[in-house]
Amino acid sequence: MIDQFVIPLLKIVVVLNATLLGVTYMVLLERKVIAWAQSRLGPMRVGPYGILQPIADAVKLVIKEDITPVRADKWVFTAAPIISMVPALIVYAVIPFGPTIHLFGRPVSLYIADVNVGLLYIVSVASVGVYGIILAGYASNSKYPLLASLRASAQLISYEVAVTLTLVSVILMARSLSMVSIVNAQYNAGVWFAFVQPVAFVIFFIGGLAETNRAPFDLPEAEQELTGGFHTEYSGMRFALFFLAEYANMIVVSSVATTLFFGGWLRPFPNVAALHVLDVIPSWMWFLIKSFVFLYIFIWVRATLPRYRYDQLMRIGWKLLIPLAIANLVVTGIVKVLIA
Amino acid sequence: METPAVHHGAMFDTNELVINMGPQHPSTHGVLRVVLRLDGEKVVDADVVIGYLHRGIEKLSENRNWTQIILLTDRMDYVAAATNNVGYCETVEKLMSIEVPRRARYVRTILCELQRIASHCLWVGTHAMDIGAMTVFLYAFRERELILDLFEEFCGARLTYNSMRIGGLPLDIPPGWDKKVLEFCMIMGSKVDEYEELLTHNRIWLERTKGIGIISGPDAVALGLSGPPLRGSGVPRDIRKDEPYAAYDEMAFDVPVGSAGDTYDRYLVRMEEFRQSLRIIRQATEGIPEGPIVGKVPRLIKPPAGETYHAIESPKGELGYFIVSDGKSTNPYRFRVRPPSFCNLQGLRALIRGHLVADVVALIGSLDVVLGEVDR
C-alpha cells in the first residue's frame, strides 16, 4: 500500500513542487546572471538581493487582467498554454534524480518511474508541447503570433529530428531506453557518454537550445522582429504558463543531457575507489550540480550571442545537424558491431 | 483592403500578408512605421510611413528669434544635440560673417566628436539588440553615460544641451574638464575593442549582416544617402574632410570607407569612426588654445538680408541648414533643415525589398535613423 501509492504520490508532489519552484527561480537566475554579464545588478528590491522576486512576479501575473482578444478562438486560446505547460511537467516522471536509496529503513528510488521506454516517452511527450505554440499562434487570430507560430513549429519539428537521432546513438551505447539503465551503463563503462559520443552531445545541446526556443535560436519569440512572437496576445497567468513551460523545458533538456551524457547522478569517476571522498555529496546533489551547469550555459549563451535568422536556422538544422547526427549514428553502429 | 494574389503555379492561390510594423514596435527606433507586404517571411514590398513625431520645428523657428532657435535644434536629433547646435550656429555665423575664436572652434570640435561617440554608442547598442545581442546594448550605454557626464559638467544638461551660442560658446570649459576628456578617451578605446570582440568576428553576427542590404556607391549617391551608409558603400565623402568646419582642418584623421556596401560594412565604418573620433578628441583636447570663447557678436542678432546653406557631418550624415533672412526682423524668414536621417531613410525601401522580416530590423538599425530628426 505504502510502496504502491503513498510513496509515488509523495514523490510526485515533491518533484512537481520542486520543478515549479526551480522554474520560477530559473527566471530569477537568468535575470541575475544576464545582469552580471551586462554589468548590472539585476533585481535587488524584493527581499535581500532580490531573492523574493519570483514571488512578486507570480503575484503580479496572477492578479493581472486576463485578456482574451475578441476575435480569438476562445477554447483553443485557453487550451494552448495548458497544452504547452503540461508536457513540460510530466516529462519529469521518468527523469532519475538519483539511485535507489534507503530512507527510514525503506528503499526509495529517486525517480518517479523507471519506464523501459523512458527515452521514447520523453521524446514523444515533449513534442506534444509544440502543439501549444502552434495553437496559440493560430487561436490569437493575429498576424505576428501566426508568423511566429509557423516559425516555431518548423523549428521545433526539424530540430526534433536531429536531437532524436543523437539519442539513438546513446541508446546503441547503453542498449536500453530506460533512463536508469542508461546511467547504470555509464557506471559499468566507467566513462560518461559525452566522452564517447562528443558529436552526439554537441548536436544534442545545440538542438536543445533550438527546441527550447532559446538564444541564439529564439526566433519564435524574437521581440525585436515579431513583438513577442506567439504569446503576443496573451496576458496574465496564461502568458506566465508559456514562460514557465519554456523554463521547464530548459530544465528537462539539462536533465536529459546530464542523464544521457554526463552520468546522471554518478559522481565523477564513479569506479575509482580513491575518489570515495567525493561521496560526501549525495547523488541527487551531483545530478543537480550537473544540470545547473547546463542551465548556466543556456543563460550564458543568451547573454553573449546574437540571433540567427529563420532561413539560417533551418539550414543549420537540415544541412548540418541532421546529416551529422545520421553519420554519427552510422559510425556508432559500425563500431559497435566491430567491437562485438 | 484587398491584396493582390501572387500565383505560384495553378494549384495554389497565395495571398500576400500585409503586416504593420510600428509606429509602436520595439525595434523601429521610435515611431517609424513600416507597412510590409510579405510572401511567407520574404518582404515583397514595403511602405515607410513617417510623420508621427512631427512638431513643426522649421515653422516654429520662423517665429523665434535667432538665439531661441538653438534650443529647438536640440530637439531634432536628440541623441546628438550638440552637433545640431554647432550646425545651426555656424550657419548663422556664415550668414553674418562672424569670426569664431579658435578656442571656441576647438571646444566645438571636441563636443561634436564626443557627441558622435555617444550617438554611435546608442547605434551599436540598439543595432546589436535588434539582431539579438543584448549585452552590447548595456555596454554601449555604460560608456554613453560617461559622455553624458562630461556634457553635464560642461553645460548642465544631459540630453538637450543648448550648448552653443552664435559666435562661440556660452561658457568656457570647466577647470580640469580637458583632463577628464582625455581620461574618457583612454577608457573608450578599450571599450570599442570590447564591442568588436563581441560582434566583429562573431559568426552569427557575420551571417546576419554580410550581404544584407547591399547598396552600390552610385545608388547610394542617387538616393541621397550620406554619412556612414554612404561611406559603407565606398564613397569617401566626409564633410569634415571635404569642407572643414569648426577646427577639423587642423586635425589629422582618416575617413573609413567600406567596399561591399552591406550592413556589415556600414557597421565596420561606424566602429572605425569611434576610433577616429577618439583620435580627433585627443588632438583637440591637447591643443586647446588660450583666448576668448565668443567672437564679436552684435547685441541684437539680425543677419543681413540673404540666404545661406551650410552643412556639417553629424553622426548620421550630412546635416544641412538653409536659412533665409529678410534683414529686417529678428527671426528667420525661412528655416529649412536637411536632416541626414530623413534622407537616409529614403534608402530603406530599396534596401529591404527581397529580404526577410528579420533583416528589416537589422536594416533599420544599420541606417541609424532618429525619428525626431526625420519628422522634425
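This structure is a prediction, so every number in the text was calculated from the model and none was measured.

Here we take up the overall build of chain B. Along its length, chain B carries 14 helices and eight strands. Against the globule reference of 21 Å for 376 residues, chain B gives a C-alpha radius of gyration of 22 Å, in line with a compact fold. A principal-axis box enclosing the C-alpha atoms of chain B has dimensions of 80 × 50 × 35 Å. Burial status across chain B gives 52% buried among its 376 residues. The contacts in chain B between residues at least 6 apart in sequence include a share of 69% that link residues at least 24 apart.

Bringing the environment of Glu207(B) into the picture now. With respect to the element layout, Glu207(B) can be found in helix α7 (residues 203–209). With 51 residues separating them in the primary sequence, Glu207(B) and Gly156(B) have C-alpha atoms 43 Å apart.

This paragraph deals with the pairing of strand β1 (residues 100–103) of chain A. All names here are of chain A. Here β1 pairs with strand β2 (residues 106–109) via four bridges, running antiparallel. Following the sheet pairing, Thr-100 is matched in β2 by Ser-109. Taking the residues that link successive antiparallel strands as the turn, the β1-β2 hairpin has two residues, and the phi of Phe-104 there is positive, at about 50°.

Looking now at the sheet that holds strand β8 (residues 334–338) of chain B. Residues and elements named next belong to chain B. Read across the open sheet, the three strands follow the order β6-β7-β8; overall the sheet is antiparallel. Each having just a single partner strand, β6 (306–314) and β8 make up the two edges of the open sheet. The mean inter-strand angle of the sheet, taken between neighbouring strand axes irrespective of direction, is 15°. Judged from the nine bridges that link them, β6 and strand β7 (residues 317–325) form a sheet pairing that is antiparallel. Bridge pairing in β7 places His-310 opposite Tyr-321. With respect to the sheet, helix α12 (residues 340–352) is in contact with β6, β7 and β8, its orientation differing from that of β7 by roughly 125°.

Here the focus is the sheet that holds strand β3 (residues 17–21) of chain B. Residues and elements named next belong to chain B. Strand order in the open sheet made by the three strands is β3-β4-β5, with antiparallel pairing throughout. The strands lining the two open edges of the sheet, one partner per strand, are β3 and β5 (42–49). Sheet twist, expressed as the average angle between the axes of neighbouring strands with direction ignored, equals 20°. As paired strands, β3 and strand β4 (residues 33–39) are joined by five bridges and run antiparallel to one another.

Moving on to helix α5 (residues 134–155) of chain B. One turn of an α-helix holds 3.6 residues; hence residues three or four places apart share an orientation. The end-to-end C-alpha separation of α5(B) is 31 Å, in line with the 32 Å expected for 22 residues at 1.5 Å each. Of the positions making up α5(B), those classed as buried are Met134(B), Thr135(B), Val136(B), Tyr139(B), Ala140(B), Glu143(B), Ile147(B), Leu150(B), Phe151(B), Phe154(B) and Cys155(B). Those residues of α5(B) that are buried are in contact with α1 (2–37) and α11 (283–304) of chain A together with α4 (102–130) and α6 (177–199) of chain B. Count one or two residues on from α5(B) and you reach Gly156(B), which has phi positive near 90°.

Contacts between the two partners involve 21 residues from chain A, matched on the other side by 24 residues from chain B. Secondary structure elements with two or more residues in the side of chain A that touches chain B: α9 (223–226), α11 and α12 (310–339) of chain A.

The next subject is the packing of helix α3 (residues 74–90) of chain A against helix α4 (residues 118–139) of chain A. All names here are of chain A. Across the interface, α3 lies against α4 with an axial gap of 8 Å and an inter-helix angle of 160°. Viewed along their axes, α3 and α4 adopt a mutual orientation that is roughly antiparallel. With respect to the hand of their crossing, α3 and α4 are arranged in left-handed fashion. Each of Val-76, Phe-77, Ala-79, Ala-80, Pro-81, Ile-83, Ser-84, Pro-87, Ala-88 and Ile-90 in α3 lies in contact with α4, whose residues at this interface are Val-125, Ala-126, Val-128, Gly-129, Tyr-131, Gly-132, Ile-133, Leu-135, Ala-136, Tyr-138 and Ala-139.

Bringing the environment of Ile203(A) into the picture now. All names here are of chain A. For Ile-203, the position within the fold is in helix α8 (residues 198–211). Classification of Ile-203 by C-beta neighbours within 10 Å gives buried; the count is 23. Every residue in contact with Ile-203, bar those within four places of it in the chain, is listed here: Ala-162, Thr-166, Leu-321, Leu-324 and Ala-325.

Once that is clear, we can look at the confidence of the model for chain B. In the predicted model, chain B carries a mean pLDDT of 86, and 95% of its residues have values of at least 70. Across the interface, the model reports ipTM at 0.77; the global pTM reads 0.82.

Here we take up the nonpolar core. Ranked by size, the top nonpolar core spans 204 residues in total, and within it Val170(A), Leu244(A), Ala257(A), Val360(B) and Leu363(B) carry the most contacts. No other element matches helix α10 (residues 236–261) of chain A, which puts 16 residues into this core. The residues touching Ala257(A), leaving out its near neighbours within four places in the chain, are Phe204(A), Phe205(A), Gly208(A), Phe262(A) and Phe294(A). Counting residues in each nonpolar core, the second largest holds five residues, with Val257(B), Tyr264(B), Tyr267(B) and Leu268(B) among its members.

Here we come to unusual backbone geometry. Backbone geometry at Arg175(A) places phi at a positive 55°, although glycine is not the residue there. Mapped onto the elements of the fold, Arg175(A) is located in the loop between α5 (143–174) and α6 (179–189). A residue is classified by how many C-beta atoms lie within 10 Å of it, and Arg175(A), with 10 of them, is exposed. Notably, Ala246(B) is not glycine yet its phi reads approximately 45°, a positive angle.

The next point concerns the pairing of β8(B). Residues and elements named next belong to chain B. Here β8 shows one buried face, formed by Phe-335 and Val-337, and one open face, formed by Arg-334, Arg-336 and Arg-338. With five bridges joining them, β7 and β8 adopt antiparallel strand pairing. Considered in β8, the bridge of Gly-320 is made with Arg-338.

The next point concerns the environment of Val357(B). Its place among the elements puts Val357(B) in helix α13 (residues 357–367). Separated by 34 residues in sequence, Val357(B) and Ile323(B) have C-alpha atoms that sit 40 Å apart.

Moving on: the packing of α5(A) against α8(A). All names here are of chain A. It is the contact of α5 with α8, at a shortest axis distance of 9 Å, that shows an interaxial angle of 150°. Between α5 and α8, the interaxial angle falls into the category roughly antiparallel. Crossing hand, α5 versus α8: left-handed. The residues of α8 that touch α5, namely those facing Gln-155, Leu-156, Tyr-159, Glu-160, Ala-162, Val-163, Thr-166, Ser-169 and Val-170, are Ala-200, Ile-203, Phe-204, Gly-207, Gly-208, Ala-210 and Glu-211.

The rules we used
Residues numbered from 1 in each chain as written. Chains lettered and ligands numbered in written order. Predicted model: local features only at pLDDT ≥ 70, side-chain atom pairs only at ≥ 80, totals over all residues. Helix = DSSP H or I, 4+ residues; strand = E, 2+ residues; numbered from the N terminus. Rg over C-alpha atoms; globule rule 2.2 N^0.38 Å. Buried ≥ 20, exposed ≤ 12 C-beta atoms within 10 Å, placed from the backbone. Contact = placed C-beta atoms within 7 Å. Pairing = 2+ DSSP bridges. Axes fitted to C-alpha atoms, helices over the stretch in contact; angles between N-to-C directions. Expected span 1.5 Å × (residues − 1). Parallel < 35°, antiparallel > 145°, perpendicular 65-115°, else oblique. Left-handed = near helix turned anticlockwise from the far one by under 90°. pLDDT = per-residue confidence, 0-100. Core = buried A, V, L, I, M, F, W, Y, C linked by C-beta atoms within 7 Å.

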